[in-house]
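Chain residues, written in single-letter form:
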Amino acid sequence: MKIVIFGPPGSGKGTYASRLVNKLGVPHISTGDLVREEIRNKTPLGKQIEKYSSSGTLVPDAVITDILKKRLTAELSKGFILEGYPRTVGQAKELEKITKVDVVVNLNVPDSVIVDRLSSRLQCKTCGAIYNSKTMPPKVAGKCDKDGGELFRRVDDQPEVIQERLKVYQQASEPVIDFYRSKHLLKDIRNEDPSVDPEKVVDQIAKAIKQ
Ligand SMILES: [Zn+2]
């Protein structure tokens, strides 16, 4: 099974994708993780990416595609759940050259739900642990359970910044989603209630995939 998963920031796609791994027995491939791995291992590609990020320029499509190609080719026989790629129609076409995709999951979560979820997210200043004042509160308000560090709200989790991130996501992903819709590969999943057990959403996704 070769699956691509789409969803706005804060839609929980990473959580769902990693739980689908157990359910469907395919590896979860996140381009974000692959990029961090290349940088950590100081590979030639990793060094190239670091140069782009330190100069503030976007990493070109071709570089990301190269990284993905390397990993996907190794995993092709097992199938995959791909997250973070394709971000453009150009990348979608590149992916077609590497392999055929069986199904594309599109997570739909209302903006208001995402703003609410992300703006209640808190992070520890000391160890980076993530909490949520509504769904996963620390034992003592404002303090990390592990080290007592001070909890703060990240700049990109401020409501105005989240709105902006959602707008950017919408504009970038729409053509890619249309591309897959026109190929009849798209499965829309609605998730309006963030407090619902993630396992239930995963079941819903697995059912849609198998249809
Ligand atoms: Zn901490």
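Residues numbered from 1 in each chain as written. Predicted model: local features only at pLDDT ≥ 70, side-chain atom pairs only at ≥ 80, totals over all residues. Heavy atoms only, no water.

### A word on the side chain of Asn191
Part 1: When you line up the elements, Asn191 lands in the loop between β8 (186–190) and α8 (198–210).
Part 2: The buried category is assigned to Asn191, whose relative accessible area is 5%.
Part 3: Side chain to side chain, Asn191 and Tyr16 meet in a polar contact 3.0 Å long.
Part 4: Residues in contact with Asn191, not counting those within four places in the same chain, are Tyr16, Asn108, Val109, Pro110, Arg117, Val196 and Val201. (Helix = DSSP H or I, 4+ residues; strand = E, 2+ residues; numbered from the N terminus. Buried < 20%, exposed > 50% of the residue type's maximum accessible area, 1.4 Å probe, protein only. Polar contact = N/O pair within 3.5 Å; in protein donor to acceptor, adjacent residues only side chain to side chain. Contact = heavy atoms within 4.5 Å.)

### Some details on the pairing of strand β4 (residues 103–108)
Part 1: Along β4, five of the six residues are buried, which leaves the element largely enclosed by surrounding structure.
Part 2: Sheet topology note: the strand β1 (residues 2–6)/β4 ladder contains four bridges and is parallel. Counterpart to Phe6 in the pairing with β4 is Asn106.
Part 3: In the sheet, β4 pairs with β8 via five bridges, with the strands oriented parallel. Note on β8: the bridge partner recorded for Asn108 is Arg190. (Pairing = 2+ DSSP bridges.)

### Some points on the nonpolar core
Part 1: Phe6, Leu68, Leu82, Leu95, Val104 and Tyr180 are the most contacted members of the largest nonpolar core, which totals 27 residues.
Part 2: Looking at this core, the elements with two or more residues in it are β1, α2 (31–40), α3 (44–54), α4 (61–75), β3 (80–83), α5 (89–98) and α7 (159–182).
Part 3: Not counting residues within four places of it along the chain, the set of residues in contact with Leu95 comprises Val4, Leu68, Leu72, Leu82, Tyr85, Pro86, Val101 and Tyr180.
Part 4: In terms of nonpolar packing, the next biggest core, distinct from the first, is built from 17 residues, Ile5, Ala17, Val26 and Ile189 among them. (Core = buried A, V, L, I, M, F, W, Y, C linked by side-chain atoms within 4.5 Å.)

### So, unusual backbone geometry
Part 1: Here Tyr85 and Pro86 are connected by a cis peptide whose omega angle stands at -5 degrees.
Part 2: Phi is positive for His184, close to 60 degrees, though the residue is something other than glycine.
Part 3: In this structure, His184 sits in the loop between α7 and β8.
Part 4: Look at His184 and you get exposed, because its relative accessible area is 73%.

### Focus on the pattern of salt bridges
Part 1: Under the criterion given, the structure shown has 19 salt bridges.
Part 2: For Glu199, the salt bridge identified is with Arg19, shortest N-O distance 2.7 Å. Taken as a pair, Glu199 in helix α8 and Arg19 in helix α1 (residues 13–24) lie far apart in primary sequence, 180 residues in all.
Part 3: A salt bridge links Asp203 to Lys23; its shortest N-O distance comes to 2.7 Å. Taken together, the residues span a long stretch of sequence, with Asp203 in helix α8 and Lys23 in helix α1 at a distance of 180 residues.
Part 4: Given a relative accessible area of 36%, Lys23 falls into the partly exposed group. (Salt bridge = Lys/Arg side-chain N within 4 Å of Asp/Glu carboxyl O.)

Honestly, it's all geometry; don't read function into it.
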